[in-house]
Amino acid sequence: MTGTFILGGLLDTPYVYTVRHIRDGYMYSTRAVDARQAGRICFSCICSFKRDEKQRLFQHQPASAQARFDSILSAKRPEDQEPSPSVDAEWWIEAVRQGNISESEFPGLDVRKTDMKDYNCAEDVKQHPERYRQLTQYRLKGSPEEDPAASLAQIREREENGEYDNLYACAHMYSSDKNSLLLIPRALGIKNWTEMASLTLTVIVHQHGEALRMVNWDSIGDSDVGVDKLPMKWFVQEGWTPRATENRGTHESHLWSPDGTLLATSLQDSMLRLRKLGAANL
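Since the structure is predicted, the reported quantities are computational estimates derived from the model, not experimental observations.

## Describing the overall build of the protein
Okay, step 1: Counting its regular elements, the protein contains 8 helices and 11 strands.
Okay, step 2: Taken along the three principal axes of its C-alpha coordinates, the protein extends 60 × 50 × 45 Å.
Okay, step 3: The proportion of buried residues among the 282 residues of the protein is 38%.
Okay, step 4: Look at the contacts in the protein between residues 6 or more apart in sequence, and 63% of them connect residues 24 or more apart.
Okay, step 5: If you sum the accessible surface of the protein, you get close to 17,200 Å²; carbon and sulfur atoms cover 51% of it.

Laid out in C-alpha cells, this is it:
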C-alpha cells in the first residue's frame, strides 16, 4: 500500500471510501482508494494484493530486532512496559501526568513502548541520530472472529485457512503508524515544533500466513479460554529515522514476528516545521 495524505482529518465528520478497480491479474490485484470527508479527498492510495504462491525458493533478511536487542526486550515483559502514549511527546506526557489531559484507550491493539533510554542516551547515538531506535511491542485485543458463538476450534480452523489474514495485515499497518513520526524530533533532540504531518506512507507486507497471524495457540493448550480472551502474540516494531532536512523527516520501520521473521517494512515521508511558515509560495 502506498498512500498520500492530502488534508487533515476531522474528528466529527464521517469518512467515505471510494474503491476503484484497476486490474485483476493471475497473482496480483490492484485497487485505488480515496477517503473523503464532506466530498473532499483527504487520503488517496494504491493497494496491491498478492496471492500466496506456496513457494519459498529464496529468502533473506537482516538480523532480527529480537536478536540485536535481546537484553532490552528480555529485561521486562511486554505487558509490564508503559502503554504507548496517544502523543509520544514530552509536553503531552507531562500534561497527562499532571491530570490536565486524559489518555484514551487505544482501540483494537495493546501497544507498549519499550524503554530504550539507556540505548538512545549513548553518546554514539546522540552524535548519529540515524542510529536512534524505538522498539514498540503490540498485540491484538479481543478476538479476530465477529461471531460470538464461534468455538475455539472454529476460530483456529478459520485462522489456519487464512480467513483473518487481511484483518491481521490491517492491524499491523494500524499499529505501525502510531506515534511513528514523533520518533523524528526525539532522535534529533528537538522538543518543540509548530507543525508535523504525514505526507506519504508505504507499507510492504512481506509474508503470508503464519508470520502475520496473531493468536498464540501454543499458550492455550488444554486450558478453558473464552473466545473474547484469546492469548495473543507480541510483535515488535523497530523504528528509526535515516534522514531529516528541508522541513521534512523520514521514518522507516521493520515489523518483526515473535520468531524474528521480518513481516513488513514501512517508509513514511513527513513534514516537520520548527516555526510557522510565512506567505504561501505556490
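## Describing the pattern of salt bridges
Okay, step 1: Going through the model one piece at a time under the given rule, you end up with 22 salt bridges.
Okay, step 2: Residue Glu53 is joined to Lys50 by a salt bridge in which the shortest nitrogen-to-oxygen separation is 3.0 Å.
Okay, step 3: For Lys50, a relative accessible area of 32% puts it in the partly exposed group.
Okay, step 4: Among the ionic pairs, Arg156 bridges to Glu160, the shortest N-O distance being 3.4 Å.

## Topic: helix H7 (residues 165-176)
Okay, step 1: With 12 residues, H7 should reach 16 Å at 1.5 Å per residue; the first-to-last C-alpha distance of 17 Å fits that figure.
Okay, step 2: Next to the buried residues of H7 lie strand S6 (109-113), strand S7 (134-140), helix H6 (152-160), strand S9 (235-245), strand S10 (248-256) and strand S11 (262-273).

## As for the sheet that holds S7
Okay, step 1: Within the open sheet, the 11 strands sit side by side as S2-S3-S4-S1-S8-S11-S10-S9-S7-S6-S5. Their pairing is antiparallel. A strand with exactly one partner marks an edge of an open sheet, and here the two such strands are strand S2 (16-24) and strand S5 (82-83).
Okay, step 2: Alignment of S6 against S7, held across 5 bridges, turns out to be antiparallel. Residue pairing in the sheet places Arg112 in a bridge with Gln137 of S7.

Calculation rules
- Residues numbered from 1 in each chain as written.
- Predicted model: local features only at pLDDT ≥ 70, side-chain atom pairs only at ≥ 80, totals over all residues.
- Heavy atoms only, no water.
- Helix = DSSP H or I, 4+ residues; strand = E, 2+ residues; numbered from the N terminus.
- Buried < 20%, exposed > 50% of the residue type's maximum accessible area, 1.4 Å probe, protein only.
- Contact = heavy atoms within 4.5 Å.
- Areas by Shrake-Rupley, 256 points an atom, 1.4 Å probe, with all protein chains shown as cover.
- Salt bridge = Lys/Arg side-chain N within 4 Å of Asp/Glu carboxyl O.
- Expected span 1.5 Å × (residues − 1).
- Pairing = 2+ DSSP bridges.

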